[in-house]
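# Secondary and tertiary structure notes
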Amino acid sequence: MNEALKLILAGTAGLALGAFFFYGLWWTVRRGVMSEHPALWFLGSLLLRLGATLAGFYAVAGDHWERLMACLVGFIVARAIVTRLVSRPLEPNPSRTAEASRAS
């Protein structure tokens, strides 16, 4: 297989790993803050996300630092994409807006 294709595949794997890691982090924060036991959510999520991500990096890199760097670049790009997607403001809830205006 061509080395350039291997680097592209490693970068794509990095995108997938980053999407999994950062979307999982966002999901955990949303669920954890409403939970009765947030520490369990955060610890469990951290172990799952970190373990899967490290295993993925190890599998992609093999013995080639170039693939590891391509995977890392994909991971960082995924962070920017997920951050942009999940940081959109939520649509205002009309009933909440009415409640807030009556409270003033």
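Cut-offs and rules
Residues numbered from 1 in each chain as written. Predicted model: local features only at pLDDT ≥ 70, side-chain atom pairs only at ≥ 80, totals over all residues. Heavy atoms only, no water. Patch = residues over 30% accessible without salt bridge, like charges linked within 9 Å, V, L, I, M, F, W, Y side chains within 5 Å. Areas by Shrake-Rupley, 256 points an atom, 1.4 Å probe, with all protein chains shown as cover. Salt bridge = Lys/Arg side-chain N within 4 Å of Asp/Glu carboxyl O. Helix = DSSP H or I, 4+ residues; strand = E, 2+ residues; numbered from the N terminus. Buried < 20%, exposed > 50% of the residue type's maximum accessible area, 1.4 Å probe, protein only. Expected span 1.5 Å × (residues − 1). Contact = heavy atoms within 4.5 Å. Phe/Tyr/Trp six-rings, centres within 6.5 Å; stacked < 30°, edge-to-face > 60°. Core = buried A, V, L, I, M, F, W, Y, C linked by side-chain atoms within 4.5 Å. Axes fitted to C-alpha atoms, helices over the stretch in contact; angles between N-to-C directions. Parallel < 35°, antiparallel > 145°, perpendicular 65-115°, else oblique. Left-handed = near helix turned anticlockwise from the far one by under 90°. Nonpolar A, V, L, I, M, F, W, Y, C, P; charged D, E, K, R; others polar.

## Describing a nonpolar patch on the surface
A contiguous nonpolar surface patch, about 410 Å² in accessible area, is contributed by L15, V73, V77, I81 and L85. As for its position among the elements, V77 is in helix α3 (residues 65-86). Look at V77 and you get partly exposed, because its relative accessible area is 38%.

## Here we look at helix α2 (residues 38-61)
Between its first and last C-alpha, α2 extends 34 Å over 24 residues, near the 34 Å set by a 1.5 Å rise per residue. If you check which residues of α2 are buried, you get S45, R49, T53, G56, F57, V60 and A61. In this structure, the buried residues of α2 make contact with α1 (3-32) and α3. Just downstream of α2 lies G62, where phi reads positive at about 60°.

## Things to note about the packing of aromatic side chains
Scanning the model with the defined rule gives 6 aromatic pairs in all. Aromatic pair F21 and F22: ring centres 5.0 Å apart, planes at 80°, arrangement edge-to-face. Of the two residues examined, F21 and F22, each falls in the buried class. With a centroid separation of 5.1 Å and 50° between ring planes, the pair formed by F22 and F75 is classed as tilted. Taken as a pair, F22 in helix α1 and F75 in helix α3 lie far apart in primary sequence, 53 residues in all. Owing to a relative accessible area of 16%, F22 belongs among the buried residues under this scheme.

## As for the nonpolar core
Residues A10, L17, F21, F22, F57, V60, A70, C71, F75 and V82 constitute the largest nonpolar core, which totals 10 residues. Listing elements by their share of this core, those giving two or more residues are α1, α2 and α3. Those residues within four positions of F75 in sequence are excluded, and the remaining contacts are G14, L15, L17, G18, F21, F22, T53 and F57.

## Observations regarding the packing of α1 against α3
At a closest axis distance of 6 Å, the pairing of α1 and α3 adopts a crossing angle of 40°. Relative to α3, the element α1 is oriented oblique. Considering how the two elements wind past one another, α1 and α3 form a crossing that is right-handed.

## Quick word on the packing of α1 against α2
For the pair α1 and α2, the least separation of the axes is 10 Å and the interaxial angle reads 180°. Judged by the inter-axis angle, α1 sits roughly antiparallel to α2. For the pair α1 and α2, contact is made by A10, A13, L17, F20, F21, G24, L25, W27, T28, V29, R31 and G32 and by P38, W41, F42, S45, L48, R49, L50, A52, T53, G56, F57 and V60, respectively. Split into classes, the residues belonging to the contact of α1 with α2 amount to 16 nonpolar, 6 polar and 2 charged.

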